[in-house]
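Below, each chain spelled out in residue letters.
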Amino acid sequence: MADHEVRSTVGSEPSGLAQLRWDEPPEGPVLVLLDQTRLPAEEVELVCTDVPGLVRAIQTLAVRGAPLLGIAGAYGVALAGVRGFDVQEAAALLAAARPTAVNLGYGVRLALGAYQAALDKGAGPREAGAAALAAAKALHRADAEASARMAAHGLALLDELLPGGSHRVLTHCNTGRLVSGGEGTAFAVALAAHRAGRLRRLWVDETRPLLQGARLTAYEAARSGMAYSLLTDNAAGSLFAAGEVDAVLIGADRIAADGSVANKVGSYPLAVLAKYHHVPFIVVAPVTTVDLDTPDGAAIEVEQRPGQEVTELTGPQVSAAGWGAVGGLPVAPLGTQAYNPAFDVTPPELVTAIVTEEGVLSPVTGGGLRELCARSRQVTIS
């Protein structure tokens, strides 16, 4: 059996959330994921014993978010190595699981490079698998450290742009602990503002069609004691018009060499609204999300997801008996065709700043991105 659920952890504190962890039970190493498709109804761990199971978890969004996908990809290569599977085949499957998220391929290549380097030095397959695992663990630690630095840089930027504190921040999709080895990207900045007593309100877009904002960001905000309100995506315009948004904070799945940002679909309309209403539009992402090999936004491959995500309401379902399992409720006539891109692309001229662990880039230019990447402390394998 490639993957299975092991237990529910309802009621655990946010500090105890294990978004992803490596475990070594007697029957062999496994990768354990918090199944995000089951949130907020229940906290259930999903155990992956092989790479096809992990690929399935990635494609169904049981594990998601750019930085965490990179970590998962690295651990997936290690899983194949230590269990004696075909590592090259596993790496190819993982790298292709979600085409827009550049971190996934980065993590896969990092662990695969460590695996191959060990083989080249005369190590056996299992020892090479251990080298891949060390690389995955190093990436995991580095992402947590990057998250903390992004939060500090982002809070400093908010305080500079919005003197006086009491920030009202709008965010889209989910960018917290559930997407990171640490406390997240954009959400981590809002959380830092909350802890400093300078967050007046976190506005949470529901993020149709899979409701990552309603299900996941609201879940994290509630557990962190933040003042937050949920809104439908198409209510954002009225919120801007009412003067209730001081800044927009989003994450990114890929940043092209010219500064174009691919993020969860619905981000680009927020950028247009922010520009019109003179509100800072801030992208928070680690340097590993910058892809200098993708020249511009037009070159970013945008993942197209199944139409049923639009024609059905999906996610944990509620009934008289309480929360139930994941399912779909039809909301459109049978046979309706749907347009369902997972991401959209925001051009650099609409981005006020990009916040990374290496600092803040503003204005956003290709040259500035290259400088950030050049000085980035990348994870290396000795």
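A quick note: this is a predicted structure, and the numbers were derived from the prediction, not measured.

The rules behind these values
Residues numbered from 1 in each chain as written. Predicted model: local features only at pLDDT ≥ 70, side-chain atom pairs only at ≥ 80, totals over all residues. Heavy atoms only, no water. Helix = DSSP H or I, 4+ residues; strand = E, 2+ residues; numbered from the N terminus. Rg over C-alpha atoms; globule rule 2.2 N^0.38 Å. Buried < 20%, exposed > 50% of the residue type's maximum accessible area, 1.4 Å probe, protein only. Contact = heavy atoms within 4.5 Å. Areas by Shrake-Rupley, 256 points an atom, 1.4 Å probe, with all protein chains shown as cover. Lys, Arg positive; Asp, Glu negative; His and termini not counted. Charge placed at Lys NZ, Arg CZ, Asp CG, Glu CD. Core = buried A, V, L, I, M, F, W, Y, C linked by side-chain atoms within 4.5 Å. Phe/Tyr/Trp six-rings, centres within 6.5 Å; stacked < 30°, edge-to-face > 60°. Lys NZ or Arg CZ within 6 Å of the ring centre and 35° of its normal. UniProt positions renumbered as here; feature names shortened; annotations may be inferred. Pairing = 2+ DSSP bridges. Axes fitted to C-alpha atoms, helices over the stretch in contact; angles between N-to-C directions. Left-handed = near helix turned anticlockwise from the far one by under 90°. Nonpolar A, V, L, I, M, F, W, Y, C, P; charged D, E, K, R; others polar.

Helices and strands together make up the secondary structure of the protein, namely eleven helices and 17 strands. For a compact globule of 382 residues, the expected C-alpha radius of gyration is about 21 Å, and the protein comes in at 20 Å, within 12% of that figure. The principal-axis extent of the C-alpha atoms belonging to the protein is close to 65 × 55 × 40 Å. Relative to its full complement of 382 residues, the protein shows a buried share of 57%. Counting contacts in the protein only where the partners sit at least 6 residues apart, residues at least 24 apart contribute 76% of the total. Of the roughly 15,300 Å² of accessible surface on the protein, a fraction of 54% belongs to carbon and sulfur atoms. The average position of the 29 basic charges and that of the 40 acidic charges among the side chains of the protein differ by 4 Å.

A word on the nonpolar core. Formed by 43 residues in total, the largest nonpolar core has its most connected members in Leu33 and Val77. Those elements giving two or more residues to this core turn out to be β2 (20-23), β3 (30-34), β4 (44-48), α1 (51-59), α2 (66-82), α3 (87-95), α4 (102-120) and α5 (125-161). Counting residues in hydrophobic clusters, the runner-up holds 29 residues, among them Leu170, Trp203, Leu350 and Leu369.

With that settled, the discussion passes to the packing of aromatic side chains. With the rule as written, the count across this model stands at one aromatic pair. Taking 5.9 Å as the distance between ring centres and 20 degrees as the angle between the ring planes, the aromatic pair formed by Trp22 and Tyr75 counts as stacked. Separated by 53 residues along the polypeptide, Trp22 in strand β2 and Tyr75 in helix α2 bring together distant segments of the chain. Each of the two residues, Trp22 as well as Tyr75, counts as buried. Of note, Lys264 hangs over the ring of Phe343, and the distance from its end group to the ring centre comes to 4.9 Å.

Residues annotated in UniProt with the feature "binding site: substrate" (unreviewed entry) correspond here to Arg64, Gly65, Ala66, Arg98, Gln212, Asn263 and Lys264. Checked against the element boundaries, Asn263 lands in strand β10 (residues 261-264). Taking the relative accessible area as the measure of exposure, Asn263 reaches 5% and is therefore buried. Among residues more than four places away in sequence, those in contact with Asn263 are Ile250, Gly251, Ala252, Asp253, Ala342, Phe343 and Asp344. Along the chain, Lys264 falls in strand β10. If sequence neighbours within four positions are ignored, Lys264 has contacts with Arg98, His172, Cys173, Thr207, Gln212, Asp253, Ala342, Phe343 and Asp344.

With mixed pairing, seven strands are arranged side by side in an open sheet as β7-β6-β5-β8-β11-β16-β17. Only two strands of the sheet have a single partner each, and these edge strands are β7 (228-231) and β17 (359-361). Put simply, the sheet's adjacent strands are angled 25 degrees from each other on average, direction ignored. Bridge count between strand β16 (residues 353-356) and β17: three bridges; the pairing is antiparallel. The residue bridging Ile354 from the neighbouring strand is Leu361, located in β17. The strands touched by α5 within the sheet are β5 (167-171), β8 (247-250), β11 (281-284), β16 and β17, with β16 carrying the most contacts at an inclination of about 145 degrees. Against the sheet, helix α7 (residues 212-223) contacts β5, β6 (199-205) and β7, and its axis sits at roughly 160 degrees relative to β6.

Take the UniProt feature "active site" (unreviewed entry) in the protein next. Within this structure's numbering, the places UniProt gives as "active site" (unreviewed entry) are Asp253. As for its position among the elements, Asp253 is in the loop between β8 and β9 (254-256). Residue classification places Asp253 among the buried residues on the basis of a relative accessible area of 10%. Apart from residues lying up to four places away in sequence, Asp253 is in contact with Ala66, Thr100, Ala101, Val102, Asn103, Ala262, Asn263, Lys264, Thr289 and Phe343.

With that settled, the discussion passes to the packing of α4 against α5. Running from amino to carboxyl end, α4 crosses α5 at an angle of 145 degrees, the nearest separation of the two axes being 8 Å. Regarding α4 and α5, the two cross each other, and that crossing is right-handed. Contacts from Tyr106, Gly107, Leu110, Ala111, Ala114, Tyr115, Ala118 and Leu119 of α4 reach α5 at Pro125, Ala128, Gly129, Ala131, Ala132, Ala135 and Leu139. Its residues assigned to classes, the contact of α4 with α5 shows 13 nonpolar, two polar and no charged.

With that settled, the discussion passes to the pairing of β3. Here β3 lies mainly inside the structure; five of its five residues are buried. As defined by bridge partners, β2 adjoins β3 across four bridges and the pair is classed as antiparallel. Opposite Asp23, over in β3, you have Val30 as the bridge partner. Here β2 hands over to β3 after six residues, with Gly28 in that stretch at a positive phi of 130 degrees. As paired elements, β3 and β4 share four bridges and run antiparallel to each other. Its bridge partner lying in β4, Val32 is registered against Val47.

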